[in-house]
Amino acid sequence: MIPLASPTWRSAARTGTGMAVASMLCVQLGLAVSVGLFDDVGPQGAAWLRLAWAGVILLVIVRPRPRDVGRRALVACVLLGAVTAGLTLLFMEAVARLPLGTASALEFLGPLGVAVARSHGGRLLAWPALAAIGVVLLTEPWHGGADTVGVLYALAAALCWAAYILLTQHVGDEVTGLQGLAVSLPVAGLVATFVAGPSSFPLLSWHIVLVGLGLAVLLPLVPFSLEMLALRRLTTSAFGTLMSLEPAIAAGIGLVVLHQVPGLWPTLGIAFVAVAGVGAERTGARHEPEPEPSIVAGDRRLARQ
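Along each chain, residues carry numbers from 1 onward, in the same order as the chain's sequence is written. In keeping with the model being predicted, local features are shown solely for residues with a pLDDT of at least 70 and side-chain atom pairs are shown and tallied solely at 80 or more, while totals for entire chains, interfaces and linings include all residues. Water and hydrogen atoms play no part in the side-chain values, which are based on all heavy atoms of the structure.

Asks: Honestly, the overall build of the chain in this entry has me stumped. Any pointers?
Replies: For helices the rule is a DSSP run of H or I covering at least 4 residues; for strands it is a run of E covering at least 2, with both sets numbered from the N terminus onward. Of the regular secondary structure elements, the chain holds 13 helices and zero strands. Each helix and strand of the chain, ordered N terminal to C terminal, gives the series α-α-α-α-α-α-α-α-α-α-α-α-α. Sequence-distant contacts, at least 24 apart, represent 90% of the contacts inside the chain between residues at least 6 apart. To measure how exposed things are, a 1.4 Å probe is used in the Shrake-Rupley method; for residues, cover is taken only from the protein chains shown. Split by element, the accessible area of the chain, about 13100 Å² in all, is 68% carbon and sulfur. By definition in these notes, contact holds between two residues if any of their heavy atoms fall within 4.5 Å.

Asks: It is not clear to me how empty space enclosed by the protein should be interpreted in this structure. Could you clarify?
Replies: Empty space left among the atoms is revealed by rolling a probe the size of a water molecule over them. Lining residues are defined by having an atom within 4 Å of a point belonging to a cavity or pocket. Those points lie on a 1 Å grid over the protein atoms alone, cavities being sets where a 1.4 Å probe fits but cannot get out and pockets being open sets with protein on both sides within 12 Å along at least five of seven lines. Grid points are joined across faces, edges and corners, and a volume is the space filled by probe spheres set on the points. Per the counting criterion, the structure on display carries one cavity of 30 Å³ or more. What the largest cavity holds in volume is close to 190 Å³. What lines the largest cavity is a set of 15 residues, among which V27, L87, E107, L219 and F224 lie closest to the centre. Taken together, the elements giving at least two residues each to the lining of the largest cavity come down to α1 (7–34), α4 (71–95), α8 (148–174) and α10 (206–230).

Asks: So what exactly am I meant to see when it comes to the layout of surface pockets here?
Replies: Its boundaries defined by the atoms lining it, the largest pocket holds a volume of some 510 Å³. Lining the largest pocket are 27 residues, with P99, T102, L138, T139 and E140 positioned closest to its centre. Considering each element in turn, the lining of the largest pocket owes the most residues, five residues, to helix α7 (residues 122–139).

Asks: Honestly, helix α2 (residues 38–62) in this entry has me stumped. Any pointers?
Replies: Given 3.6 residues per turn, any residue in an α-helix points the same way as the ones three and four places further on. Here a helix's expected span is defined as the number of its residues, less one, multiplied by 1.5 Å. Taking 1.5 Å of rise per residue, 25 residues should cover 36 Å, yet α2 covers just 31 Å from first to last C-alpha, more than 12% shy of that figure. Positive phi appears at R63, one or two residues downstream of α2, with a value of about 55°.

Asks: Where do I start with the packing of aromatic side chains in this structure?
Replies: Given two aromatic rings, their pairing is described by the distance between the two centres and the angle made by the two planes. By convention, a stacked pair of Phe, Tyr or Trp rings (six-membered ring in the case of Trp) has centres within 6.5 Å and planes under 30 degrees apart, an edge-to-face pair has planes over 60 apart, and any other such pair is tilted. Taken as a whole and assessed by the stated rule, the structure comprises two aromatic pairs. Plain terms: the ring middles of W48 and F201 are 5.2 Å apart, the flat faces sit at 75° to each other, and that makes the pair edge-to-face. Of this pair, W48 sits in helix α2 while F201 sits in the loop between α9 (179–200) and α10, placing them 153 residues apart in sequence. For every residue, the accessible area (1.4 Å probe, protein chains only) is compared with the maximum for its type, and the residue is labelled buried under 20%, exposed over 50%, or partly exposed between those bounds. Residue classification places F201 among the partly exposed positions, given a relative accessible area of 45%. With centroids separated by 5.2 Å and ring planes inclined at 45°, the aromatic side chains of Y164 and F224 adopt a geometry described as tilted. Placement of Y164 in helix α8 and of F224 in helix α10 is noted, with a sequence separation of 60 residues between them. One exposure class covers both Y164 and F224, and it is buried.

Asks: I'm lost on the environment of A73 in this one. Help?
Replies: By the element assignment, A73 lies in helix α4. Residue A73 is classed as buried on the basis of its relative accessible area, which comes to 2%. On a C-alpha basis, the gap between A73 and V171 in space is 6.3 Å, while along the polypeptide they are 98 residues apart. What A73 contacts, discounting residues up to four positions off in sequence, is E174 and V175.

Asks: Honestly, unusual backbone geometry in this entry has me stumped. Any pointers?
Replies: Working note: non-glycine residues mostly have negative phi, and peptide bonds are mostly trans. Cis geometry is found at the peptide bond from L219 to P220, where omega equals 20°. The residue P220 is located in helix α10 in this model. For R63, which is not glycine, the phi dihedral falls at a positive 55°. Topologically, R63 is positioned in the loop between α2 and α3 (66–69). Phi angles above zero are rare outside glycine, and H259 is one such case at about 60°.

Shown next, in the form of structure tokens:
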């Protein structure tokens, strides 16, 4: 066990936090750019393009081999892929109906639930509680008028995100490098193809296909890889609470890219979730972090530890 005050523990917390923040920036920027595809292929078509391309890219680069993963980890990877597809498809439908910051705030209830469920002691529970206040301020439920279908899509995405966090940490612990992600993302691409492909195929053009390829790198390829590595260094409680920064980041990206101006209460909510995220960073490293994995693109010698 690594003492909580040790330099190794602090280094793991800083590294994991940096990866998580970089992931959130990529996610929200990718979502904002994806909105531009809605008129061409719809929300589900945009989600399908990203997932399908990400799965193909990882298959080519990593070349996963089932025997290097193991049966138990393989099942977890397949489940992670199905959850990833659900998360992406549902959230894109929410973003099509709600402001980006509002949709992200509602989706954050998933990782917040993980943080609450996995926290031990009153001090750690203070950060999810503070983040919850921020979420309420961001969504302003007392005003009403929010798109009910959009809210339901965002809440369904929140459930998928909670499962995604737990499965991602499990897969990251079981499989070295990006082997697990190279199995889960192709599965996500297949599920998305089954759900959204038939309605999207007739709408495709070479331009849209190439835009989808670029978006796949920005989201989900880079952020999902960063999240898997971050969850090797952080507890699920800390990671779930750290995700409280995402509504704030989403509001900022929505303002700059989509010109969605937040009001006074949402701005105050951003402050609450930012403080909760800082608190999570200070208390969040795992007591037994995994050793740094080899992440050489195309390295076929990766094997289970």
